[in-house]
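Observations on the model geometry
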Amino acid sequence: MSVPENMIRIQVDGRPYETAGGQSLLRACLSLGFDVPYFCWHPALESVGACRQCAVKLFRDDKDTRGRIVMSCMTPVAEGMRVSVDDREAREFRSANIEWLMLNHPHDCPVCDEGGECHLQDMTVMTGHVYRRNRFKKRTYRNQYLGPFINHEMNRCIQCYRCVRFYRDYAGGRDFNVLASQNRVYFGRHEEGVLENIFSGNLAEICPTGVFTDKTSKKHFTRPWDLQCAPSVCVHCALGCNTLPGERSGVVRRMRNRYNGSVNGYFLCDRGRFGYEFVNDPGKIREPLLREPATGAMVPASKERALGRYSEIASESRGIVAIGSPRASLEANYALRCLVGEGRFFAGMTQEELDLVSLAIDILRGGPARTPSLADAAAADAILILGEDITNTAPMLSLAVLQALRNGPLTLATRLHIPRWDDRAARVASQGRKGPLFIASPADTWLDPSATEVMRATPDDIARLGFAVAHHLDPLSPPVPDIDDRTVALALNVAETLTRAERPLIISGVNQGNGKVIEGAANVARALSRTHPGVGLVFVMPEANSFGLGLMGRLGIEKALEAVEEGSADTVIILENNLFRRVGRERLTTCLAKVRHLVTLDHLPHETISLAELVLPAATFAEATGTLVNSEGRGQRFFQVFPPRGHIEASWRWARDLMAMTGRGEGASWETVDDCIASLAEALPVFRPVRDIAPPAGFRVMGRKIPRQSHRASGRTSLTANLDIHEPEPPDDPDSPLAFSMEGYEGETPPSLITRFWAPGWNSVQAVNKFQTEVGGPLHGGDPGRRLIEPGASVGPDYFTPVPPRRRSGGAFTRVPLFHVFGSDELSNFSPAVEGLIPEPYAALNPDDAARLGLAEGEKVDVVTPEGSYHLPLLIRPALPTGTAGLPSGLPGFPSGALGAYIEIRKIVHE
């Protein structure tokens, strides 16, 4: 039998196997299904050889009967290798090793948050260690306060070094380290304080014990086997990271990573991990609300009364328009479109933002460059970022960029015959070098210290850099007139570096509000594709479903307001959208005053809802099933985690009920979300792949649904024992093949329906190894999600023109939006753990501009914008170019504002 390329034969415990070459023996054994215990090794961090727990017996040949003990994580696989996992000496070595690792570990499993899904527990049982002979006093430590996200219990540490390797080596953090004195090794900060790295929450999953645990989960702790879980998608940015929310008693109690090899892999950012608590907000809308004509107060109403009132509104209205939402699902937006008709449905973005989203989509559909997945982005070897602060607008993309910066320097390790999986040796060989990264942005970014070269400029000047790079790559691309020498030199360096790369990547986005920046990035990708067919082009979108909404319609909020102002509409329906975050207050207030009837569907209170006549309680992502489209154009399904209480319904169901009540719209007969999706795919062919993202609601395995609850779930009856000693019947879910119980099929399921990663002997998150085709590879059956678009065959020199003019100094300040990973996202701002990290609104200026105006740090200034005036404290940011003013985007109570507008900043004169 022939062996495929890169595949080798090895023998494990007397049986032959085929496995991929160029990997460690531990990874190979795990991929083949063997239960080899380990602590310090992690599939994303690879090998460091710190814990000595993965010992196996290696034999020279078939005549060698004694063999020798080796650490499988530090041993490369080789053709003909003979090893034994079950050898008696290997088992005794592993048992003795874990005994001394456990010498100082406390006996606190019953009270440890990690209990029941602890990797240390799993490995202890797997190794057979059941008795401790140590009778001396245990080593103890003082724990640290590490912020609102992570709880620290250092006494449980077994010194595996995973935490510091992830935090510093993988995630680029600098305020956390390993500290030591004699035989005391300590993992923490040099002093107490909030962990600065925005990926710190991954410590809770990286740690194989209970040293680092989820502090938000601790507030409403329940045992992990009692959580009800469903596959979901993060709603806090446009990357669409896969998540596993856990719920009990109607409360979402934690958020865990759901492995998707093409998207977020093993990790989440802190906003995605800890921003979930808006689902539990005490101010959440749970009942329909009607405004009393006599008093003007909002009062709860029954569903029947609310639907009846809408019927009255529809019958007396001169015209109805509907405004969708980029944070709502495809199904919700489409159902609203069906309710009012295609011509009266308006995407829930400003026309300016929608035009930018549409421009980016058209570029990606036209080709020739393809937008890569996050996994593809991490494989790039030269990167150009134009205008986008990806750490704050797309955090996991910045983590992928950090990994990509290692690809070039690792060739040094290869020349020294050091395999990449030998992590510490490879890092020593690369001597801290980083691959080429060029950043052009209006302000400083977290990635700047890792960059080869940084340019600070206004959005138009950033666009000019992109046009200049494209012209260096291809003379057919338009030249850039009136260009300064520094930009010429930088453009030439970028062009030459990208040309030398094998997998170049261009990153830009919508968030700077400048179409020329997007066009400049597109020109670079097009020029580069002449010699590099695999060039990647990423456009970061603003919100979770901006891409999907951009595929659905191209009429922005202003068009809806115009219909009201012109008198063709007097009723407005708003879907999961606070318009005061998007439109200037003066115009919006004036326009809404002309609205006769304002109907809103949402789950959290905000200013737009306060003006409504009728409010319908919409389900959050945890209470409904739906589809989101991420920045890659990948459609992904999220599933209801628990049935909502009160009269909360999925937004698409409210729209269906309104259609049924008024007899208008084709969706009145929809029964399930599958019906809505089928109609969507028929009406808009671009969404046809959405039908195949996940199995339909009627899908069964051996006639059974897939349980949301663990087969170990306990105490279900006791939850309602004060009401009834009988166990209540689980509610039905007509929208998915998932059951609200522990009963159902427990074997392998389609990857989009995995509700937990568990396997016999593997209760921790490390069980994901059992669900992959190979360790670190795609899930069995493929990674969830389907791309909705692919680039066309366009290869001609159709470059964007004209080139924007060079910015001149003088006049008003150019407004540039500044983003904050905690604060710029609307939903996570309602999470208590996040609230304390949100900055107050401010205005930022370059020191020279501040001096020219006679302003000092912290002084209140008058900021005049197109949407209104504000009194804000001044923040000095030396990285801002002169002539620009930075205003934070999306902070609570502060609108995003007109993108790219000119503003004035004045000193406040006290009389």
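See the structure printed just above.
Residues numbered from 1 in each chain as written. Predicted model: local features only at pLDDT ≥ 70, side-chain atom pairs only at ≥ 80, totals over all residues. Heavy atoms only, no water.

Our next topic: the packing of aromatic side chains. Evaluated as defined, the whole model comprises 19 aromatic pairs. Judged by centre distance (5.8 Å) and plane angle (20°), the ring pair of Phe166 and Tyr170 falls under stacked. Of this pair, Phe166 and Tyr170 both sit in helix 4 (residues 162–170), separated by 4 residues, roughly a single helical turn. Accessibility expressed as a relative area gives 0% for Phe166, which makes it buried. Accessibility expressed as a relative area gives 15% for Tyr170, which makes it buried. Plain terms: the ring middles of Tyr266 and Phe267 are 6.4 Å apart, the flat faces sit at 55° to each other, and that makes the pair tilted. Note on accessibility: Tyr266 and Phe267 belong to one class, buried. (Phe/Tyr/Trp six-rings, centres within 6.5 Å; stacked < 30°, edge-to-face > 60°. Helix = DSSP H or I, 4+ residues; strand = E, 2+ residues; numbered from the N terminus. Buried < 20%, exposed > 50% of the residue type's maximum accessible area, 1.4 Å probe, protein only.)

A few words on empty space enclosed by the protein. A complete count under the given rule lists 14 cavities of 30 Å³ or more for this structure. Roughly 430 Å³ of internal volume is contained in the largest cavity. Surrounding the largest cavity, 28 residues form its lining, Glu117, Leu244, Arg256, Phe757 and Val765 being those nearest its centre. At the level of elements, helix 5 (203–206) and strand 13 (251–257) are the ones that each hand at least two residues to the lining of the largest cavity. With 3 residues, the single largest contributor to the lining of the largest cavity is strand 13. Put simply, the second largest cavity is a space of about 190 Å³. (1 Å grid on protein atoms, 1.4 Å probe; cavity = no way out; pocket = protein on both sides within 12 Å on 5 of 7 lines; lining within 4 Å. Points joined across faces, edges and corners; volume = space filled by probe spheres on them.)

With 248 residues, the main nonpolar core has Phe212, Leu397, Ile573 and Phe687 as its most contacted residues. When neighbours within four sequence positions are excluded, Ile573 is seen to be in contact with Tyr310, Ile320, Val321, Ala322, Ile323, Leu336, Leu339, Val340, Val599 and Leu601. The next biggest cluster of nonpolar side chains, apart from the first, holds 23 residues, and it includes Ile557, Ile574, Leu592 and Ile609. (Core = buried A, V, L, I, M, F, W, Y, C linked by side-chain atoms within 4.5 Å. Contact = heavy atoms within 4.5 Å.)

Strand 19 (residues 437–441) sits mainly inside the fold: 5 of its 5 residues count as buried. Burial of strand 19 is two-sided: the residues Leu437, Ile439 and Ser441 facing one way and the residues Phe438 and Ala440 facing the other way are all buried. Pairing between strand 19 and strand 20 (residues 453–456): 4 bridges, direction parallel. Paired with Ser441 across the strands is Arg456, a residue of strand 20. (Pairing = 2+ DSSP bridges.)

Of the pockets and cavities examined, the largest pocket occupies roughly 980 Å³. Lining the largest pocket are 35 residues, with Pro43, Ala44, Tyr170, Ala378 and Gly776 sitting closest to its centre. Among the secondary structure elements, those contributing two or more residues to the lining of the largest pocket are helix 11 (374–377), helix 13 (395–404) and helix 15 (423–430). It is helix 13 that provides the largest number of residues to the lining of the largest pocket, a total of 4 residues. When the residues that make up the lining of the largest pocket are grouped by side-chain class, the tally is 18 nonpolar, 9 polar and 8 charged. (Nonpolar A, V, L, I, M, F, W, Y, C, P; charged D, E, K, R; others polar.)

What follows is about the packing of helix 9 (residues 330–340) against helix 23 (residues 651–662). Following both chains from N to C, one finds helix 9 and helix 23 inclined at 15°, their axes separated by 8 Å at the closest point. By the criterion of interaxial angle, the relationship of helix 9 to helix 23 is roughly parallel. With respect to the hand of their crossing, helix 9 and helix 23 are arranged in left-handed fashion. Seen from helix 9, the contacting residues are Glu331, Ala332, Ala335, Leu336, Cys338 and Leu339; seen from helix 23, they are Ser651, Trp652, Ala655, Leu658 and Met659. Here the residues of the contact of helix 9 with helix 23 are counted per class, giving 9 nonpolar, 1 polar and 1 charged. (Axes fitted to C-alpha atoms, helices over the stretch in contact; angles between N-to-C directions. Parallel < 35°, antiparallel > 145°, perpendicular 65-115°, else oblique. Left-handed = near helix turned anticlockwise from the far one by under 90°.)

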